[in-house]
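The lines below spell out each chain.
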Amino acid sequence: MMPINLLLKLYKLFHGITIMPRTPAFSKLEHEFLLKAISTGVRLDQRDMLEYRKIGISFGIDYGCCTVEIGETKVMAQVAAEMDRPRESRPSEGRLNVHVEMSTIAFPSFDPTKPGELGVGIQRMLERSIILSRAVDLEALCVRVGEKSWTIHLHVHVLSHDGNLIDCASIAAITALKHFRYPDVSVIGQDIVIHTMEEKHPIPLTVHHMPLYVSLAFFKGCERLAIDPTYLEEKVMDGKIILSINKHKELCSLQMNGQMNITKEQILRCTEIAAVRAKTLTELILNAIKTDTDDKKLGKTKSQTVLEKSKDNKEILKSELTVNSQTSEEIQIANMSINEDAVTDDAIKNGHNNKTEKPYWLTQHDRQTCSIGDGKVNAWSGDGAESSLGIFKALRADTQPEEKSEDENEDSEEEVVILDDSALET
Amino acid sequence: MTGNLLDGKIVVPGDVFSAADENFKLVNKIKLGPGLTTNQAQKIIVCKSGTLRYKSPDTLWVDCHQQRYIPSKGENVIGVITSRQGDFYKVDIGASDQAVLNCMSFEGASKRNRPNVSNGDVVFGQLIVANKDVEPELSCIDPSSGKANGMGILSGDGILFTISLNLGRKLLSPDCVLLPELGSHVSFEIIIGLNGKVALFCKSAQQSVCIMNLIKATEYMSNTDIMKALNKQFF
């Protein structure tokens, strides 16, 4: 037998010389070509700009095991339940933990020992979308207040990475949660009995709504928008908007990555696209779960993959969007709307405010400051309304006398306003 | 009896056949290609799964689907420059190790007149050193003529993509009808490295993408299937 010390030494030796796997080199040729192609509306997989890749959902033998593929991207989610104590701060609620595992099989640069920036990002986003939007009823998981409750573990395994991991992960996560069942529990006096699956039917989790992430990537100075970016597209994009939305058009989370300068209209348009997408996805998920339960009843152990045809989703998206709003060409509004802004700015400066109708919820304070809502008392700096008024006054005082130095002040002013707005909202 | 019987046979790693089999009675020595090894007992052992190929009179090898490139001397490959170390550039050619490229091994390069190369550039070159113990070395000068012969930095409105090694070899083989047939319909420039990297230069992005996807789709097609697919595409 080999002494353990020697084994450890050998292990270290081999570990020392192991070269971390590299990501494949990305050439300028590819970079330039991708951007050029996208600016003419062509994608490498010949998809439409608003077309999803083919989605497949399949299930494992056990409850709560789901694998989702979007093109070459593949994510598996597995849900497990464990009897635990509830949190001290929330004694009447169970817990839901999200764990993300990135394997080297999925992508050479992924490190299975630590999730890395991308992995942590996915974990946080899933937590935000599922837990913070209260998609799963955690109170139902409590068995005895302050003593016993179920802890649900959601393990998300990335199996293959070809861009748009978060969409894939969120579909897998929600589907797995919806598919999962945990054992029934009886409380008899002081005893808690966990029934086996044979004794009593297991209980499904209460999923109030299904928030799904939809990523939209922007290219070429935010002039071009593409849904469901691939790995290569993610490399050349300016940034992306990732929206978590459910079929009732309720926005659960919104994140913007990268360096983008996009307008309000573009964001609204993105939410519209995401809402349509979430609706069709929800139908697909429910259909997949139904097919699986039917199959399991018949005694089939191997799950069939429920596919969505990419052509269908494109047409649905197009038809619904044209009904809802303007034409689909209207995505490239970046330049146009910037000009519009300039026009409104000038109009306000010259006192012709009648030209542009302000939304009713917007209160305009002066040319560059406005607030959302009626403007409650500002609690930002402790002094209440006085201080906020003070800021506005200071701003007006700054801008009015010397018009020439306005441009320099603009940045700092806008920052102040943003802080102020958020304070007003809360 | 000849080795013809073995041609096209599906083999998996661990399959053993003897050189003394009736197949090779007429031949004294057998040349073993990729995927085959031998031991002291004069047995031929398969170490890759694929189809066994035989070439008269004495060569055997295994054809298989493979993505990882194993450098071999004299092969033309396409790589991407990743970094620079002194007089050498590191080039990613899809092998387990990065290849080195001396900045003198460009046509017309001298100590004073260095080529204008930066990270991310795509380079087409020939492997002049390919040994399992040292890193492979690339050169952009044809050793026979001392000229570039089309090798060097690739620039223009092209696309670079990766295909499997066997598809690359298939496209380059004179038997394959795809490229000549495609060339009679559209004009394009294509450079295929034996490491499975392909640089494609076309008039428009739309065309490039179409041709790229067509090439990728022909992975498992026979010549007749390719003709059918092309006819569908163009007529």
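Rules and cut-offs
- Residues numbered from 1 in each chain as written.
- Chains lettered and ligands numbered in written order.
- Predicted model: local features only at pLDDT ≥ 70, side-chain atom pairs only at ≥ 80, totals over all residues.
- Heavy atoms only, no water.
- UniProt positions renumbered as here; feature names shortened; annotations may be inferred.
- Helix = DSSP H or I, 4+ residues; strand = E, 2+ residues; numbered from the N terminus.
- Buried < 20%, exposed > 50% of the residue type's maximum accessible area, 1.4 Å probe, protein only.
- Contact = heavy atoms within 4.5 Å.
- Lys, Arg positive; Asp, Glu negative; His and termini not counted.
- Charge placed at Lys NZ, Arg CZ, Asp CG, Glu CD.
- Pairing = 2+ DSSP bridges.
- Axes fitted to C-alpha atoms, helices over the stretch in contact; angles between N-to-C directions.
- Buried area = accessible area lost by both parts, 1.4 Å probe.
- Salt bridge = Lys/Arg side-chain N within 4 Å of Asp/Glu carboxyl O.
- Polar contact = N/O pair within 3.5 Å; in protein donor to acceptor, adjacent residues only side chain to side chain.
- Nonpolar A, V, L, I, M, F, W, Y, C, P; charged D, E, K, R; others polar.

Looking at an unreviewed UniProt entry, one finds chain B named Ribosomal RNA-processing protein 40 and attributed to Clavelina lepadiformis. Regarding chain B, the UniProt comment filed under Sequence similarities (unreviewed entry) reads as follows: "Belongs to the RRP40 family."

Per an unreviewed UniProt entry, chain A goes by the name Exosome complex component RRP45 and belongs to Clavelina lepadiformis. As its UniProt record puts it under Sequence similarities (unreviewed entry), chain A is described as follows: "Belongs to the RNase PH family."

## Things to note about the overall build of chain B
Helix and strand counts for chain B come out as four helices and 16 strands. Along the first, second and third principal axes, the C-alpha atoms of chain B reach 60 × 50 × 30 Å. Counting the 235 residues in chain B, one finds 41% classified as buried. A separation of at least 24 residues holds for 61% of the contacts in chain B among residues at least 6 apart in sequence. For chain B, the centre of its 24 positive side-chain charges and the centre of its 22 negative side-chain charges are spaced 1 Å apart.

## Observations regarding the sheet that holds strand 14 (residues 158-162) of chain B
Taken in spatial order, the three strands make up an open sheet running 14-16-15 (chain B), and their pairing is antiparallel. Every interior strand has two partners, whereas the edge strands, strand 14 and strand 15 (189-192) of chain B, have only one. Averaged over all neighbouring strand pairs, the angle between strand axes comes to 15°, with direction disregarded. In the packing of helix 2 (residues 28-39) of chain A onto the sheet, the strands contacted are strand 14 and strand 16 (197-201) of chain B, and the crossing angle to strand 14 of chain B comes to about 115°.

## Re the interface of chain B and chain A
With 27 residues of chain B at the interface, the matching set in chain A holds 17 residues. Buried area between chain B and chain A, both sides added, is near 1,700 Å², and the carbon and sulfur share of it is 59%. The largest contributions to the chain B side of the interface with chain A come from Leu160, Ala205 and Val209 of chain B, which together make up 25% of the buried area. For the interface between chain B and chain A, the tally reads two salt bridges. Here lysine 36 of chain A makes a salt bridge to aspartate 157 of chain B, at a shortest N to O gap of 3.3 Å. At the surface where chain B touches chain A, the tally comes to seven residue pairs in polar contact (both at pLDDT 80 or more). When residues of the side of chain B that touches chain A are assigned to their parent elements, the largest contribution, seven residues, is made by helix 3 (residues 205-217) of chain B. Tallied by class, residues from the side of chain B that touches chain A come to 11 nonpolar, 12 polar and four charged.

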